[in-house]
Every structure is written in structure tokens, then in C-alpha cells.
There are 2 protein chains.
Amino acid sequence: MELNLFDKQVYTNRRNILKNTIGADGIILLLGNEDSSMSYKDNCYPFRQDSSFLYYFGLDTPSIAAIIDTETGEEVIFGNELTIDDIVWTGTLPSVSEMAAMVGVAKTSPTDQIIHYVHKAQASGRRVHILPPYRPENKVKLASWLNISLNDVAEHVSLKLIKAVIAQRVIKSALEIEEMEKAVSISVDMQLAVIKNTAPSIKEYHLVAKALEVAQAANGRLGYPAIITTHGQTLHTHYYGNTLQEGRMVLSDIGAENNMHYGGDLTRTFPVGRSFTSRQKELYEVVLTAMDHAISMLKPGVRYKDIHLSACQKLAEGLVQVNLMKGDPAEIVAAGAHAMFFQCGLGHMLGMDTHDMEDLGEQYVGYTDALKKETEIFGLKSLRLGRELQSGFVLTVEPGIYIIPELIDRWQAEKKFTEFINYDVLNTYRDFGGIRIEDNFLITDTGSHLLGKYLPKTLKEIEALKG
Amino acid sequence: MELNLFDKQVYTNRRNILKNTIGADGIILLLGNEDSSMSYKDNCYPFRQDSSFLYYFGLDTPSIAAIIDTETGEEVIFGNELTIDDIVWTGTLPSVSEMAAMVGVAKTSPTDQIIHYVHKAQASGRRVHILPPYRPENKVKLASWLNISLNDVAEHVSLKLIKAVIAQRVIKSALEIEEMEKAVSISVDMQLAVIKNTAPSIKEYHLVAKALEVAQAANGRLGYPAIITTHGQTLHTHYYGNTLQEGRMVLSDIGAENNMHYGGDLTRTFPVGRSFTSRQKELYEVVLTAMDHAISMLKPGVRYKDIHLSACQKLAEGLVQVNLMKGDPAEIVAAGAHAMFFQCGLGHMLGMDTHDMEDLGEQYVGYTDALKKETEIFGLKSLRLGRELQSGFVLTVEPGIYIIPELIDRWQAEKKFTEFINYDVLNTYRDFGGIRIEDNFLITDTGSHLLGKYLPKTLKEIEALKG
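Residues numbered from 1 in each chain as written. Chains lettered and ligands numbered in written order. Predicted model: local features only at pLDDT ≥ 70, side-chain atom pairs only at ≥ 80, totals over all residues. Heavy atoms only, no water.

Note the following rule: UniProt positions are given in the numbering used here, feature names are shortened, and annotations may be inferred rather than shown by experiment.
Where an unreviewed UniProt entry is consulted, chain A appears under the name Xaa-Pro aminopeptidase, with the organism given as Mucilaginibacter agri. According to the UniProt record, the Cofactor (unreviewed entry) comment for chain A is "Mn(2+)". UniProt, in its Catalytic activity (unreviewed entry) section for chain A, records the words "Release of any N-terminal amino acid, including proline, that is linked to proline, even from a dipeptide or tripeptide."

And the structure:
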């Protein structure tokens, strides 16, 4: 068995930068993930290592953890060696110390020693920096090691560590960009397979099968559950039981995670049959125009929130043109009326996590101390990225138009935004579905760079694929 | 979105039987599963409901639970209704009370009410029956509701409930067998795709891709992580990075879980190229002979442990014939020397879980009060099923021969079983790999029935597939 790793100097450098940022201030405790059970303990989902652990320690095996002493500089990887029973069942692996050496760590120790390191640090009044746990077993372990209740773990999370990790992970290195190019290109191949196999009377799950096959055949996997649906208005549906019908569209939002765990996140919307209907074409063009406008704005120094709002205005302009909305597009967006059609954000950071580092806190990943994330305004509260762009950011651009009957009914009953929304016309679109177009970009010094191979996105190009 | 359910009477009947078995004795608390996070909280693995929850309540949605009051007969399903935000992101679902009605339950309540039911029962000195939790979040919830420490949850598990659930789930109904036939037939199609696509110089993960595609295209999924490997000697390897080489074999152990969550579990071993080598043929025939012998013994009243031991003796006979072992086969098995080649058990119960109900306790699922599971003897300690067979059991038969270099080295250094093992010959097989052949059977009143479509298993049939 081979481990997928960068050169060990990469990890050593990353840890050195982290140590410099934190300064001489206690110990940093980073937990890897464990295997997650499906229907009984030993039947597990495919293992996914924690991304921050991968970033600093690279090792893609379950049940290991690490401590960095910011004062002595000592680094220790904790893990247990295989027994002969383990070898019979799961084969040989390098020893823990061999694996540690591959990522530049000299010292290893059995897992049950972590608690001694933690207690020793606590006893001498030193801080134990931890990241917020998103898996229950890691929360349980942290509570036990820190000798606090489960409810108190959140209070012990280190904001200093969170900010230091985000500052590093948010700027992608050349090595990382290379992996992301690969992951996005695999994602492109997945989309092509899905689009080409789409036809009337098959089920959505037949298309999911194609996406899975292409990802796995590239030694990858899905970075997030596939959204492949004729009900594109449902932003995150994972139901695949609908039968495809001529005249409708499929929205396919899929991405590969490659063997280094970097991911792509692409969406295309395309007809079940050979061509779009005229209504579909009209709204598709509205979304595509907003997307191209947003892409043209991508460069360092521009706030992504402004790009989002500008894209919303383009959507509003288009929606006015097709008579679904009325009034001044700027006023529509200022009032938030466009959120009838575009309920979510224009995009998010992308990396090893699809919503990169989401559990470190969207406020810290996508916003700044000066720019707080909205929590109340429908539309903006789902915008995961708002801050000024910097060279090295990788992000998605994914405008859309979603016709959600439940939302129409609710707002119409509340007589909400009747000055901007043509409810009569809108009600004739109730069965329309949804359109999203999404690509992935690296912010460069002067603008942006499309990651991965080009995936057709114009009406003509899409219809040509279906020919 | 459609829910996959049997008729509601099925679930009502199952719960009535459970109530009868438990008698008037407190309340039964059954937890459904929650979504499991991959690399951040909202990025989840495909949801898998708890199998016992599915068995009694059918509902395949996360974050619900149920209580059965064995004294009043009251049944309550706990869950929270969708908000408009939920609908925007994940679409509409039937309400909790609508879903409950579909499985014959009249009463529902928000999730946060569970604790009141539990406390009320405890306050009046009534027992709260729980099953052992295998997911950490469910363990945390149980500890909180029962007001006990995490370490004490295991002590509060109800053996009475465990035995009652096993007694029901272990005998498959006609409805369940129908689902298992489907699941096994999908598994057969997966195997055929894998075998036909096997060729020199491709990677193992290309074959995994075919298995995933076939399972998903049948609206199923893998019931357990695929084992598709040129290192068949490693019983549960999930590494797929090896390149296939002419002259070697592939061991493929894969199974579909269908949309009702019943599963198949099939293994075939076949050449990378068109044909087996003569050494491979010899050992394949040894395994197949043992398998056919075991199958011929399947019928109610026979202890599976005896079938296992009898199959081991057939393996030993064959291994003596090819000069890998020596001496009397019965003595070989009595001594346990065959475990150099066959380290695990002949099979296990199969149902909604691949190792059916494993976390309810192998002692209770596969053994009886009179027949205890071995815990020390290598080979027998991995035999998950030992008890007398009954009509309605579904199980696997999966003999194998595995050449594990690490085990050879260890035993040879210890001079273990030198009277039975020809280490000189064995060392010339160090790179052989492993062979397993596995099918799934229903125990009938008079014998057994092969589940699913027939999957080629003789040398000739396998080579014909590769032609």
C-alpha cells in the first residue's frame, strides 16, 4: 500500500509557519479522524481524514493525532502499531514511526499517551490549542482529555489557532493548485459523462452511477453527495428517484475529490432531451450573463460580497426582461426581492473541503473582523464568502435561478415584494425547476484563472454535447 | 420524493410481536441514525438508517427516534418538522406525522420531547430498554437522556431487547427474501461487470468504478466497502492502487444494498488474464470443493460450526493433496493448523447488515446460551456463526485459502505445526495471494436455496467469462 503524500519538506514548512504564527504559546493538538460506522461498528464509510490534519501532517490513515509544542518545537504523532490480527485482516502498513518520518516528524507515541501530554501542559498552566470538532467521537475525546464536559468543548476552541490555520489554508500553493486542477478536470469528465448519458425515461440514479464511475476510475471519489436532479430548484437534494422527462432540465452539481483530497465543485444545467425550450433558454442566458459578469470582476482587492451583489443585479435585470420581475434592478437587489429566485450565495472557498474550512467558521474563512457575515437577510445569510479577494484564493462562482413553489406561495400570501415580483407570471413557472452554472477559479495577481479543463457552458455548446 | 416502505401492516405486526416478547415491562427506545459528517459538519456521507429502526419503523430519514410503551401499547415517533429554509435547501418531505402514518404510528412529537418520556418512565421506576449504540452521537444522546456517563451506557443496554430483536430479525420473511433476492442479483451484475472488465495493466480502482456504477444504476449502493484486490490474502483490504498483472488473480468481494437496505455479499476470484495458472487452478478446486461440501450440508438442525469444521477438513484434504500440508486432515483441523491457510470463519448471517446484527452481539446472533463463541482459538474466534441452522436464516458460505507471508514467517519462526505444514513448499507460494468463493443462501425447511441469479463459479465458467 502506498501513501499519497507531498514531499516531507512541504509538511515541515507548513508546521513551521504555524509555529511562527502561534508563537511560544502552549501546545497545539490536532486530531485526525476515525473510521465512521454505517450500520454497525466495523462496517465503515470510506475513510476521510480531517483536512487540517492532512494539511499539516499528510497521513491519510484513521485514528492518529498529533501535538506540536510551540515552546520546545517538539512534534509528536500518536498512533498504535498493527497487530498480527490487523495484518491478517487489513494488510501491512508502514509503522507509525515510518509514516511519521515520511512527513518529517521524528517522534511517535501510542495513542493513549496523548492524555499525558495534555495533562502535563495543563498542569504547567500552558494553553492547549484545539480546532472545533465536527465529528462526535472527536468531541468526546477532547472532552475527556481536557477533562471538561461535552458542552464546554466549544468554549475551549482556540480562535488563535483557527485564524492561523485559515490564514495558511486559504492561500493555495502551486502544489495545491496542481492538485485542484486535476480534481476539477476529473469533475469535468464526470459532468461530460452525465450530460452525454442524459435521456428521457431514465432515472436520475442512472446518471449518479456515471458520475461515481468516472470519479472512482480516476482514483477519486465524490467530494460531496451528488446533486443530480430534475428538481433543480431544490438546492441540496440528494434524492435520485425521479424519471427524466422530455422538456425538463437536469441540474448536475458534482465534484471529484482526488487522491490527495483536493476537490472540484461544478454545476451544469442541461435539457433531458436534445434541446432547451425557449423558456429554459431565456433563463439560462440570464444566469450565464450574471456568471460571466461575476467572472469578469474576479481579482485581488475586490470584495466578493460586491461581486455577489453585482451578479444579483444582473440576474434582476434579466428577470425584469423576461417579465418575472419589474422595477429597477438596483432597487430590487437593495430590497432583497431577487432572493425569490436566487436564495443563496454566489460562491464559496474551495480546497480540500468543498466549502473549504467551513467548520473553522464561515465568519473567519469568508469574512473579516471588519466585514461581518449577515445572519438575518435571506440570500446574504447564505453567502459563505464576502471578503476582499487575494491572490491564491480558490473559489466557486455559481449563480442560479430557482423557482420554488413553496416560497412563491409563502411570499405571495404575505404580499411580499409585490412591487418587484410579477406573481402572475411567476406562477406560470411553478414547474420550471432550477438553473445553476458553476465553475472554479483561482484568484491570480491580475484576475482569475479557470481551474481544470473547459466544460461547455453556453446554450450552443451544451446542446452540441447532447447531439 | 418517495419513501421506500413495505405496507404499514408489516411494521405494525413486527412491533406487535416485539411487544408480546418483551411483555409489560417499561418502554423501548429505538434511535434512528443521524447524518455522518465527512470533512465538515454539513458535508455528509450517504445517509444510512439504523437497521433495527428500519425493521420496526421503516422510515429512512435522519434524526428520528421512536418509543414503544410496552405497558400502554403507545407508540411515538419523534422528529422535527421542516422549516422553509429546509425546504429551500433539501426540498419537501412528508411531515413527521404523515411519515408516521405510513408505518402505522398515530402519535408523533418533536425530538426534544424524548427526554421527558424517558425521565417520566425512570421516575416511575419503569425500565428503559435500549440497544447498544454503535455511533458516537447516539451514545452521547443516550447518556444524556438516561442521565448516565458515556462509560455506563453499555451497562444499560437491554439484553432482553437484544434477544427479542434478534429472534425476529434472524428469521427472514417472504417480503425480506424477495428484497434479498434483488440485492444479490444486483451483486451478481456487479461481479460480472468487474470480472469482464479485468485485464492486465489496469488499476484495481478501475474495477471498483464498475462495481459502484452497477450498484448505483440499480438504485442501490455498496453494502460494505468493496474488496477488489490482487492481494486476496488480505481479508479486508480497501486499497485499490495496485496495477493488475498477467499471471495474478483478482479477489472481488462486493455486495449491493438495494433501496430497501437489504444486501448481498458475494466473492469471486479470477485471473487477471484469460486463464488461471495451474497452481491457481489446483487451489481454486480445493476451495470450491470445500464450498460445495459446505453447501450440501446446509439444512435446519445442523450446527454451522460443524459445517465450518467439515469445510476446514475438506480444505485440509486438498492442501495435503497439493503438498502444502501433511498428515491426517481430521488431526490438522483438530489442531487448528489449517488456520495457516484459512484464518477466518466459513460465513455469517446476512440481512440488512452485511454481518447481520453484528453490533447486537455475535454471541446472541450467531451462537446460543449453550454454544459459546470461541474467543481464543485462531480461526474459530473469527467464526461469526456457529449455531444450529433454522429455516428462514440467510447466511454466507465463503471458504478460502489465503497465503499470508507475515503469518508464514511468524509461525515458522515459532516452529508451529511443523508436523502439518510443509513450510518449504509453502514458502514457494509466498506471492500467491488468496482465493475466496462466496455465495448467499436461504435455509429452507429441507435444505438451502441459493439467493439471486447464478454467478459462474467453476474454473471453466470463470474462464469462459474472461474469453
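So much for the structure itself; the text now carries on.
Concerning the environment of Leu459 of chain B
Residues and elements named next belong to chain B. As a reminder, the rule being used: Here a helix means four or more residues in a row that DSSP labels H or I, a strand means two or more in a row labelled E, and each is numbered from the N terminus. Under the scheme applied here, a residue whose accessible area is under 20% of the maximum for its type counts as buried, over 50% as exposed, and between as partly exposed, the area being computed with a 1.4 Å probe on protein chains only. In this description, contact between two residues means that some pair of their heavy atoms is separated by no more than 4.5 Å.
With respect to the element layout, Leu459 can be found in helix α17 (residues 459–466). By relative accessible area, which is 10% here, Leu459 ends up buried. The spacing of Leu459 and Leu175 is 284 residues in sequence and 34 Å in space, taken between C-alpha atoms. Ignoring anything within four residues of it in the chain, the contact list for Leu459 reads Phe276, Lys281, Tyr284 and Glu285.

Remarks on the packing of helix α5 (residues 114–123) of chain A against helix α6 (residues 136–146) of chain A
All names here are of chain A. The following threshold applies: To obtain each axis, a line is fitted to C-alpha atoms, and for helices this fit is confined to the stretch in contact; angles are then taken between N-to-C directions over 0 to 180 degrees. Just so you know how the angles are binned, under 35 degrees is roughly parallel, over 145 roughly antiparallel, 65 to 115 roughly perpendicular, and the rest oblique. Side-chain classes follow a simple rule in which Ala, Val, Leu, Ile, Met, Phe, Trp, Tyr, Cys and Pro form the nonpolar group, Asp, Glu, Lys and Arg form the charged group, and the remainder, Gly included, forms the polar group.
The geometry of α5 relative to α6 is characterised by a closest axis approach of 9 Å and an angle of 50° between their N-to-C directions. Taken together, the axes of α5 and α6 are oblique relative to one another. Here Ile114, Ile115, Val118, His119 and Gln122 of α5 lie close against α6, whose contacting residues are Ser144, Trp145 and Leu146. Of the residues assigned to the contact of α5 with α6, the class counts are 5 nonpolar, 3 polar and no charged.

Topic: the relation of the copies chain A and chain B
Using the following cut-off: Overlaid copies result from least-squares superposition on C-alpha atoms, with residues included only where pLDDT is at least 70 in both.
Of the two same-sequence chains, chain A is brought onto chain B (RMSD 0.0 Å, axial shift 0.0 Å) by a rotation of 180°. Overall, the copies show the geometry of a two-fold rotation axis. Among all residues of chain A, the one whose C-alpha sits closest to the rotation axis is Glu213 of chain A, at a distance of 2.6 Å. Same-surface contact between copies: 100% of interface residues of chain A are shared with the interface of chain B.

A closer look at helix α8 (residues 159–169) of chain B
Within the sequence span of α8 of chain B, burial applies to Leu161, Ile162, Ala164, Val165, Ile166, Gln168 and Arg169 of chain B. Elements in contact with the buried residues of α8 of chain B: α1 (8–22), β1 (27–31), α2 (51–57), β7 (128–129) and α14 (362–366) of chain B.

Describing the interface of chain A and chain B
It is common to give the size of an interface as the accessible area lost on bringing the parts into contact. So the rule is basically this: Summed over both partners, the accessible area lost on bringing two parts together, with a 1.4 Å probe, is the buried area. A side-chain nitrogen of Lys or Arg and a carboxyl oxygen of Asp or Glu constitute a salt bridge if their distance falls within 4 Å.
Opposite the 67 residues of chain A that make contact, chain B presents 67 residues. Interface area, chain A with chain B, both sides summed: about 5600 Å², of which 61% is carbon and sulfur. On the chain A side of the contact with chain B, Tyr40, Tyr45 and Trp89 of chain A bury the most area, a combined 14% of that side's loss. Across the chain A-chain B interface, the total number found is 2 salt bridges.

Side note on the pairing of strand β4 (residues 65–69) of chain A
Residues and elements named next belong to chain A. Selection criterion: For two strands to pair, DSSP has to find at least two bridges joining them.
Buried residues dominate β4, accounting for 5 of its 5 residues. With burial as the criterion, each face of β4 is covered, one bearing Ala65, Ile67 and Asp69 and the other bearing Ala66 and Ile68. Strand direction decides the pairing type here: strand β1 (residues 27–31) and β4, joined by 5 bridges, are antiparallel. Considered in β4, the bridge of Leu29 is made with Ile67. Bridge count between β4 and strand β5 (residues 75–78): 4 bridges; the pairing is antiparallel. Among the inter-strand pairings, Ala65 is bridged to a residue of β5, identified as Phe78. Linking β4 back to β5 in an antiparallel pair, the connection comprises 5 residues, with Gly73 at a positive phi of about 85°.

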